[in-house]
Amino acid sequence: MEKDDFTCPEKFLVDGYDTRFCHSIPSIEGSKNKDSLATLFAGFLDYYIHFDWNSNVVQIRRSENLTKTEKKWFDCPFCIEDPFKLHHNLTSAVSYNVAQFIMDTMCQTRQKLGQLKAKKELTFNDVQAFLESCRLPHNRVLSVTRVVKQRYMKPEKKKKKLGNNVGPKELSLVINHKV
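Residues numbered from 1 in each chain as written. Predicted model: local features only at pLDDT ≥ 70, side-chain atom pairs only at ≥ 80, totals over all residues. Heavy atoms only, no water.

The name recorded for the chain in an unreviewed UniProt entry is PAP-associated domain-containing protein, from Steinernema carpocapsae.

Right, dumping it as structure tokens:
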């Protein structure tokens, strides 16, 4: 199929965003990349471990950096732009403590991956041991969850009841009924 053999509909804007969808696209040539999955994953970790989270926003729509200043997103440790709702930060609920936990986990995983790649010949058992070291044993999930909450999470505030002992579900029904 030639590059000019496909057509897309005219721009179709919804809330100011181009939402058109091309039904026929040219075939995509296979990748020239011959790196292993482990090498690609290590590159992913390296990129985000060294990403300038203090100044930049992760986004997929342009090749140059997008800064937090441009987006006016100053109060979040991580900023990832939603590709469909450009005003939405996908990580707006991530606290500084949870962001630190994520970064620690990425660094530890990258270090383990580097140790694994340093071996000249990898066996199936080496790969299996690596995967197991990155996975939490089922019996430790609850204790680790408790430690993570204590170390990285802010204590949850008790939710206030909405007037007249009406919960959020009931209030939603009441609001929808009045509409």
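Having put the structure on the table, let's press on.
K.L.:
Is there a simple way to think about the nonpolar core in this case?
P.N.:
Most often, soluble globular proteins keep nonpolar side chains buried together rather than apart. If you look at the biggest cluster of nonpolar residues, it comprises eleven residues: L45, Y48, I49, F51, W53, V58, F78, V94, A99, M103 and M106. Of all the secondary-structure elements, those providing two or more residues to this core are α1 (37-49) and α3 (96-118). Among all residues touching L45, those that are not within four sequence positions of it are M106, T109 and R110. V57, L66, W73 and C79 belong to the second largest nonpolar core, which has five residues in total. (Core = buried A, V, L, I, M, F, W, Y, C linked by side-chain atoms within 4.5 Å. Buried < 20%, exposed > 50% of the residue type's maximum accessible area, 1.4 Å probe, protein only. Helix = DSSP H or I, 4+ residues; strand = E, 2+ residues; numbered from the N terminus. Contact = heavy atoms within 4.5 Å.)

K.L.:
Looking at this structure, I do not really get the packing of aromatic side chains. What am I missing?
P.N.:
Note on aromatic pairs: each is described by the distance of the centres and the angle between the planes. Counting across every chain of the model gives eight aromatic pairs. Pairing W53 with F78 gives two aromatic rings, centres 4.4 Å apart and planes at 45 degrees, and the pair type is tilted. Of this pair, W53 sits in the loop between α1 and β3 (56-57) while F78 sits in the loop between α2 (68-71) and α3, and the two are 25 residues apart along the sequence. Classification of W53 by relative accessible area gives buried; the value is 11%. Assessed through its relative accessible area of 7%, F78 is described here as buried. Through a chain of ring-to-ring contacts, the aromatic side chains of F41, F44, Y47, Y48, F51, W53 and F78 assemble into a single cluster. (Phe/Tyr/Trp six-rings, centres within 6.5 Å; stacked < 30°, edge-to-face > 60°.)

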